[in-house]
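Spelled out, the chains give:
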Amino acid sequence: MTTTLPSSTYPSVEYESAHRATFAPPKKDLPALLPPGVSQLDFEQALGELITIVGVESVFVGKALIDYVDPYDVYEDDESKRKVPSAAVTPGSVEGLRGVLKVANRFRLPLWVFSRGKNLGYGGPAPVLTGSVALDLHRMNRIIEVNDEFHYAVVEPGVTWEDLYSYCVEHKKKVWPSTPSLGWGSVIGNTLDRGTGFGSNATHHQCIAGCEVMLPDGDFIRTGQWGISNSPSAFLSKFTFGPSIEGLFLQSNLGIVTKMSIWLTPQPEAYMSCSVSVPEFEDVKNLVDALGILRRNGTIANVIWVGNVLEALSIHGRRNKFWDGERPIPDWRVREIQRELGLGYWVARFGLYGSKRIVQAHFDDVKEVLALKAPRGTLDGRLFVAEEGHLLDASSIPFEHGNVFVGLPSLMALPLVNWPLKEAGVGKPAHGDYAPIIPSSGEMVLEWMQTVKPIFDAAGAELMVDFFMHERHVIVTNMWSYDQHDGAQRRAVDGLFMRLHEVAKEKGYGMYRGHVQHMDRIARLNDFNDHAYRRFVEKLKDAVDPNGLLAPGKQGIWPTKYRTHRAA
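A quick note: this is a predicted structure, and the numbers were derived from the prediction, not measured. (Residues numbered from 1 in each chain as written. Predicted model: local features only at pLDDT ≥ 70, side-chain atom pairs only at ≥ 80, totals over all residues. Heavy atoms only, no water.)

Asker: Please explain the packing of helix α6 (residues 284-296) against helix α9 (residues 356-373) as it appears in this structure.
Answerer: When two helices pack together, their arrangement is given by the angle between their axes and by how far apart the axes lie. Put simply, α6 and α9 touch, their axes get as near as 9 Å, and they point 145 degrees apart. With respect to the hand of their crossing, α6 and α9 are arranged in right-handed fashion. Judged by residue contacts, Asn-286, Ala-290, Leu-291, Ile-293 and Leu-294 of α6 engage Asp-365, Val-366, Val-369, Leu-370 and Lys-373 from α9. (Axes fitted to C-alpha atoms, helices over the stretch in contact; angles between N-to-C directions. Helix = DSSP H or I, 4+ residues; strand = E, 2+ residues; numbered from the N terminus. Left-handed = near helix turned anticlockwise from the far one by under 90°. Contact = heavy atoms within 4.5 Å.)

Listed below in structure tokens is the structure:
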């Protein structure tokens, strides 16, 4: 068994350095744990068999497990709440994965499954059930296919957004992959957790057409048309004969997705970088209503990203660059900074894609609607067009206008976590968020902001927020950053989460995903007919995973064996 960290997790020096800084050793050593209900003798025998299957360099215990805990843990000093694995295993192939499942079934080892473990702010690679064995799939990292006739990719779990983009560039593929704000995460991991990107095809989970899934007993299934031998439509259609089952593996513990297809954006002839800035906090109402019309009628055919001025400032420096007081930046100072830097309070960003003529026509429509519905807004559009007879190269667009909207992965959002630190290198930057799903109503979005702003103030944090506008709903990401080494700040943001959850519960807003510490709490919001949804999925869980191996407690779904672990 290996007690030291692997020499490299990412081939990129930039990404590996950021990974190591994020997963720096915690101040308090990790406890040595056994999986629940497993004896020391059986555990040691199971680890020995795992080593035989995947190699000694791919089984981790002891200090090597710092890569498998929440790097932003607010409960680092509370052993009753801290989420810690007992070991980690990293198979490099489906054969190795099947062998791991065989051992886990025999010794009843609970497995916490993830691709890259970069769901930071939501627990990262930490398990819901303390003592689980971390099943890390990052070594399964093949890009099976990128097809630029029908514009899709087929990948394994360890493939990152950076990997996919680089592959497309190297092989001159005529596609633009969507990408989230940080390029170091897994394409499959992000998609299965219903993460989103920014450009066309940004709602990643709606771009799946065919998955290969290993069930807990090691059996394989393929979904949709991919289940038909030699089907030319395997990755082209969501239609299936009988029930569609891809959704059973989103935010799920029913199986392990070993390969997945995802639709990509055809490389366009033209792209326009668009932004709309409004000056006041209350202007979010008209902004949402105007842009909501354009989303629903298809003029803006992809997600719109809206952020506030505090989020913008956090990317460009620490709080004390703008304010040296102990409390959050007061409103008068925020307005002063806006005037100094020429910033709106809210800025909406989106892209328009297609032929030059279509892009320009859509922009003209956007301009008309905004002039009527949000007249205080300032609209900017920068058009980029390929040479005659060519398609537009994403790398030719200046970063400030292209960026994630043309599929360029980066780590540009990572500096946000440094916001509360008083000086570089002192403390440990961390972040979290609460992300409810709210109707795309300007009145309801404004009401949410007005309600939660004083809650942030009371917790000693600025309302640092962005939201993603879909056709009929918005996902509001209420963010906070804190010094993880500061116990008072950890307690404050923990209380902030709890208060936001109470507000969301009162208003009937569910979360689009959740932290491993809070999955039971969030799952309880789905309370129709005495939590019928949970009861139904747990019946499926017990049927396909009778030993309760895969990710017990994920999304509040517990197998019979571990059901007593559900949070009260």
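Asker: It is not clear to me how the nonpolar core should be interpreted in this structure. Could you clarify?
Answerer: Taken as a class, soluble globular proteins show a tendency for nonpolar side chains to be buried jointly. Residues Leu-291, Trp-346, Phe-350, Trp-448, Met-449, Phe-467 and Trp-480 are the most contacted members of the largest nonpolar core, which totals 80 residues. At seven residues, helix α10 (residues 442-458) tops the list of elements feeding residues into this core. Setting aside residues up to four positions removed in sequence, Leu-291 forms contacts with Ile-300, Ile-304, Ala-348, Phe-350, Leu-370 and Met-469. (Core = buried A, V, L, I, M, F, W, Y, C linked by side-chain atoms within 4.5 Å. Buried < 20%, exposed > 50% of the residue type's maximum accessible area, 1.4 Å probe, protein only.)

Asker: Looking at this structure, how should I read the pattern of salt bridges?
Answerer: If the charged atoms of two oppositely charged side chains come close together, the side chains can form a pair. Going through the model one piece at a time under the given rule, you end up with 25 salt bridges. Note that Arg-490 is salt-bridged to Asp-77, the shortest N-O span being 2.6 Å. Residue Arg-490 is found in helix α11 (residues 487-507), and its partner Asp-77 is found in the loop between β1 (59-60) and β2 (87-89); the two are separated by 413 residues along the sequence. Arg-563 is the partner of Glu-538 in a salt bridge, and the nearest nitrogen-oxygen pair spans 3.5 Å. Of this pair, Glu-538 sits in helix α13 (residues 528-544) while Arg-563 sits in the segment after α13, and the two are 25 residues apart along the sequence. Residue Glu-538 is classed as buried on the basis of its relative accessible area of 6%. For Arg-563, a relative accessible area of 26% corresponds to the partly exposed category. Residues joined by salt bridges that share partners form a network here, namely Glu-538, Asp-542, Arg-563 and Arg-566. (Salt bridge = Lys/Arg side-chain N within 4 Å of Asp/Glu carboxyl O.)

Asker: Is there a simple way to explain the packing of aromatic side chains in this structure?
Answerer: The description of two aromatic rings rests on the distance between their centres and on the angle between their planes. All chains considered together, the criterion is met by 23 aromatic pairs. Linked through ring pairs, Trp-176, Tyr-271, Tyr-353 and Phe-384 together constitute an aromatic cluster. Seen from the ring of Trp-184, Lys-118 lies directly overhead, with NZ or CZ sitting 4.9 Å from the centre. Directly above the ring of Trp-305 sits Arg-349, whose terminal nitrogen or CZ lies 5.7 Å from the centroid. (Phe/Tyr/Trp six-rings, centres within 6.5 Å; stacked < 30°, edge-to-face > 60°. Lys NZ or Arg CZ within 6 Å of the ring centre and 35° of its normal.)

Asker: I would appreciate a short explanation of helix α4 (residues 161-170) in the present structure.
Answerer: For α4, the complete set of buried residues consists of Trp-161, Leu-164, Tyr-165 and Cys-168. For α4, the buried positions fall inside an angular range of 95 degrees around the axis, keeping them on one side. As for α4, its buried residues are in contact with β5 (143-147), β6 (152-155), β7 (175-176), α5 (187-192) and β10 (256-263). At the C-terminal side of α4, Lys-172 shows a positive phi close to 55 degrees. (Arc of directions from axis to C-beta.)

Asker: How should the environment of Pro-127 be read in this particular structure?
Answerer: Positionally, Pro-127 belongs in the loop between β3 (111-114) and β4 (133-136). Filtering out sequence-adjacent residues up to four positions away, Pro-127 remains in contact with Tyr-68, Lys-83, Val-84, Pro-85, Trp-112, Ser-132 and Val-516.

Asker: I would appreciate a short explanation of the side chain of Glu-311 in the present structure.
Answerer: By secondary structure assignment, the location of Glu-311 is in helix α7 (residues 309-315). Apart from residues no more than four positions distant in its own chain, Glu-311 is found in contact with Trp-305, Leu-416, Met-464, Val-465, Asp-466 and Met-479.

Asker: It is not clear to me how the sheet that holds β6 should be interpreted in this structure. Could you clarify?
Answerer: Remark on secondary structure: sheet strands pair via backbone hydrogen bonds, oriented parallel or antiparallel. Pairing is antiparallel across the open sheet formed by five strands, whose spatial order is β5-β6-β10-β8-β9. Each edge of the open sheet carries a strand with a single partner, namely β5 and β9 (220-222). Strand-to-strand twist of the sheet, defined as the mean angle between neighbouring strand axes without regard to direction, takes the value 10 degrees. Contacts from α4 reach β5, β6 and β10, with the element oriented near 50 degrees to β5. (Pairing = 2+ DSSP bridges.)

Asker: Where do I start with the sheet that holds β2 in this structure?
Answerer: Taken in spatial order, the four strands line up as β1-β2-β4-β3 in an open sheet, and their pairing is mixed. Of all the strands in the sheet, just β1 and β3 have a single pairing partner and so form its edges. In this sheet, β4 lies alongside β3 in parallel orientation, the contact comprising four bridges. Pairing of Val-113 across the sheet is with Leu-135, part of β4. The strands touched by helix α3 (residues 94-107) are β2, β3 and β4; relative to β3, the strand with the most contacts, the crossing angle is about 160 degrees.

Asker: I'm lost on α3 in this one. Help?
Answerer: Each α-helix winds once per 3.6 residues, and so residues spaced three or four apart point in a common direction. With 14 residues, α3 should cover 20 Å at 1.5 Å per step; its first-to-last C-alpha distance of 20 Å lies within 8% of that length. Across the 14 residues that make up α3, a large majority, 10, are buried. Buried residues of α3: Val-94, Gly-96, Leu-97, Gly-99, Val-100, Leu-101, Val-103, Ala-104, Asn-105 and Phe-107, and no others. At the C-terminal side of α3, Arg-108 shows a positive phi close to 60 degrees. (Expected span 1.5 Å × (residues − 1).)

Asker: Please clarify how the packing of helix α2 (residues 40-54) against α3 should be interpreted in this entry.
Answerer: Viewed as axis vectors pointing N to C, α2 and α3 meet at an angle of 165 degrees, and their least axial separation amounts to 9 Å. Considering their axes alone, α2 and α3 lie roughly antiparallel with respect to each other. The handedness of the crossing between α2 and α3 is right-handed. Contact residues: Asp-42, Gln-45, Ala-46, Glu-49, Leu-50, Ile-53 and Val-54 in α2; Gly-96, Gly-99, Val-100, Val-103, Arg-106 and Phe-107 in α3. Residue composition of the contact of α2 with α3, grouped by class: seven nonpolar, three polar and three charged. (Parallel < 35°, antiparallel > 145°, perpendicular 65-115°, else oblique. Nonpolar A, V, L, I, M, F, W, Y, C, P; charged D, E, K, R; others polar.)

Asker: Help me out: how do you make sense of the side chain of Lys-541 in this one?
Answerer: Mapped onto the fold, Lys-541 is located in helix α13. Within the structure, the side chain of Lys-541 is placed 2.7 Å from the backbone oxygen of Leu-550, a separation counted as a polar contact. Residues within four places of Lys-541 in sequence aside, it is in contact with Asn-253, Leu-254, Pro-546, Leu-550, Ile-557 and Pro-559. (Polar contact = N/O pair within 3.5 Å; in protein donor to acceptor, adjacent residues only side chain to side chain.)

Asker: I would appreciate a short explanation of the pairing of strand β14 (residues 346-354) in the present structure.
Answerer: Two faces belong to every sheet, and in a regular strand the side chains alternate between them. Burial analysis of β14 places seven of its nine residues in the buried class, which makes it a mostly covered element. Bridge count between strand β12 (residues 270-278) and β14: nine bridges; the pairing is antiparallel. The partner of Ser-275 across the bridge, within β14, is Arg-349. Pairing of strand β13 (residues 304-308) with β14 involves four bridges; the strand directions are antiparallel. By the bridge assignment for β14, Val-306 is matched with Ala-348.

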